[in-house]
Amino acid sequence: MITQFSHKLTLFYGTFIDIPNLNSQNCRIRSYCVVGVSRHNGTIVFIEENFHGDLVKLAQSWDPILTANEINIINHTELGQDGFFFPGFIDTHIHASQYPNSGLFGKTTLLDWLNEYTFPLESKLFDLNIANQIYNKIIKRTLSYGTTTAAYYTTIHLESSKLMARLCLKYNQRAYIGKICMNQNSPSYYIESSARESIDTTTQLIDYIKELNDSRISPVITPRFAPSCDETLLSQLGQLAKQNNLPIQTHLSENVNEIEWVEQLFPKNSNYTDVYDKNGLLTQKTILAHCIHLNEDELNVIRNQKSGISHCPISNSCLGSGECPTRKILNKGIDIGLGTDISAGYSPSILEVARHAHMVSRHLSKHENNDSLKLSIVECLYLATMGGAHVMGLQDTIGSFDVNKQFDSQFIDLTARNSPIDLFPWEKQTEKLEKWFFNGDDRNVITVWVGGVESGLKSKPHL
Ligand SMILES: Nc1nc2[nH]cnc2c(=O)[nH]1
Ligand SMILES: [Zn+2]
C-alpha cells in the first residue's frame, strides 16, 4: 500500500481505442501506446504511441527527477490486439434507487409503471438500511460493466442521497447525485409537502456534497418531470441551478400520454420543452432524458440553449415509449449520450444500451425507408463515451484518452476467462471490436480506473 502511494506516475501500456470525434469513420486505435498519468491528480500528462523502448527512461524524459520506484507500470502489451484500454462508459441517465426493479415492468407503460412499480419502491429508500443495500449493489454492478461516470437519480430522501454520494467516493465512481424533487401529482406516501421543503432538502444536499470537496462528485438539480413539480418549484430549481452553477437533469417527451398531461397541466406554455425553458431549466448543463416525440420548435430551443439529450433505447423499448430520432438530433448538432434508465431499462450495461441504440436505429430506418438513419458501431461507441461526456458538460475532463483529461478507463480482455466472444486467428482488430460490441459483457471488463486509480471490487468473487 505504502509503495503504491509513493508512486508519482502510472504508465499504462498497450492498445488504446477511443472515439474522440463524432464524425470519425473509425475508432482511433493506438498500439504499443504509453499513457502517463499523474498519481497526484489523475490526469493524463503524456501519450506516446508505437513505443518499444525503456518505459522508465520514457517517464524520466518527461520528468528527469523521477526515480524508478516512483513509477508504477501497468503493462498489457502481452495481449496484443486481444486486449485494449477503452474510455470508461458514461451513463447519462440512471435511477440508482430503482435497481431492484430491473426487468420488472409487466405490460405497463410510463404512467401506470410509475404508480405500480416505481413509486412504491422509491418510497422505501427513506430507510437507510434499504438504501444502503441498493446503492452498494448498483455502484458495484455498473462499475463491473465499465461505467466510470453516471448521472444518478436517487429519491426524495436527503439522508439516503447523502449516503449515495459517500458510496460513489468509496467505490471510486465519478457521479452526479440528484435528489428527486416532486411536490404534486404523486402518491400521498411519496411526495414532498411543498416547494419549500423540496428546495430546502436540495440545498442541504448541495451543501453536503460541497463539503465533501471531491471533484469526482457533484450535485445535480433534479425535478423528476414537469407533471410532478408545480411552477413555483420548477422556477426555484432553475434559480438554484443558476446561483450554484450546477447541472440539471429531468425527463422530457417520453410518452404520448405524458405529453398530453403536461399540456393540460401547463396550458400557458406552448409545449413540454417550453415548461422547462420558461423556468430556467434549459442550460448548457441540462441533461434531458428520452426526447422521443419532440417537434421541430422544441428541438430548436434545446439546440439554442445547448442542452444535451440522454438516449435510453432499452427503456424506450421496455415501456413501449417509442423510438428516439437519434440521427435527426445528431444532425441538428445537439449533444447526445446514452442512458441505461434503470429500472425502466433492464440492463446496467452501457455496452448493451449502445447495441440497442444500434438496433433501434435500424428499425427506424426501415419504418421510415431511410438508410441514413442507421447508426454505425463507431457512432454508438461515441455516444457511450465522448457523447456522454458532452451531455454532462465534462467533455474537457473525460470521454477519450487525451492529455489533460482524467484517466477514466476500462481494460477489455477479449480472451478473459468465460469470455462470451470466440476469436479466430485471421480476424482484424476492427472485426474484433465489432464482435466485442455485439457480444461483450462484464466478463471482458478486467479493471476499471477513475482518475488513474482502480475502482470497485472486480477482484472479489461476488458483488
Ligand atoms: N423512465 C422514467 N421516466 C420517468 N418520468 C418520470 N419519472 C420517471 C422515471 O422514474 N423513469
Ligand atoms: Zn428515467
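Scroll up to find the structure this text is about.
Residues numbered from 1 in each chain as written. Chains lettered and ligands numbered in written order. Predicted model: local features only at pLDDT ≥ 70, side-chain atom pairs only at ≥ 80, totals over all residues. Heavy atoms only, no water.

Digging into the sheet that holds strand E13 (residues 286-290)
Across the sheet, which stays open at both edges, the four strands sit in the order E12-E13-E14-E15 with parallel pairing between neighbours. Of all the strands in the sheet, the pair left with one neighbour each is strand E12 (248-252) and strand E15 (335-338). Strand-to-strand twist across the sheet, computed as the mean angle between neighbouring axes with direction ignored, equals 30°. Here helix H14 (residues 377-391) sits on the sheet in contact with E13, strand E14 (308-311) and E15, set at roughly 120° to E15. (Pairing = 2+ DSSP bridges. Helix = DSSP H or I, 4+ residues; strand = E, 2+ residues; numbered from the N terminus. Axes fitted to C-alpha atoms, helices over the stretch in contact; angles between N-to-C directions. Contact = heavy atoms within 4.5 Å.)

A short note on the environment of Leu394
Tracing the backbone shows Leu394 in the loop between H14 and strand E16 (409-413). Spatially, the C-alpha atom of Leu394 lies 24 Å from that of Ile292, the residues being 102 residues apart in sequence.

Here we look at the packing of aromatic side chains
Two measures describe an aromatic ring pair: the distance that separates the ring centres and the angle between the ring planes. In total, this model carries 22 aromatic pairs according to the counting rule given. Residues Phe84 and Phe86 carry aromatic rings whose centres are separated by 6.3 Å and whose planes lie at 75° to one another, so their mutual orientation is edge-to-face. Judged on exposure class, the residue Phe84 and its partner Phe86 are both buried. A connected cluster of aromatic rings, assembled from ring pairs, spans Phe12, Phe16, Phe85, Phe401, Phe407, Phe411 and Trp449. (Phe/Tyr/Trp six-rings, centres within 6.5 Å; stacked < 30°, edge-to-face > 60°. Buried < 20%, exposed > 50% of the residue type's maximum accessible area, 1.4 Å probe, protein only.)

Here's the deal with the pairing of strand E6 (residues 89-95)
Here E6 lies mainly inside the structure; seven of its seven residues are buried. Relative to strand E7 (residues 147-153), E6 runs parallel, the two sharing five bridges. Counterpart to His95 in the pairing with E7 is Tyr153.

A look at the side chain of Asn444
On the secondary structure map, Asn444 appears in the loop between helix H15 (429-439) and strand E17 (445-450). On the basis of relative accessibility, which here comes to 0%, the residue Asn444 falls in the buried class. Once residues within four sequence positions are removed from consideration, Asn444 is found in contact with Phe411, Ile412, Asp413, Leu414, Ala416, Ser419, Pro420, Ile421 and Trp436.

Structural notes on the side chain of Arg327
On the secondary structure map, Arg327 appears in helix H12 (residues 326-332). Filtering out sequence-adjacent residues up to four positions away, Arg327 remains in contact with Ser372, Leu373, Lys374, Leu375 and Glu379.

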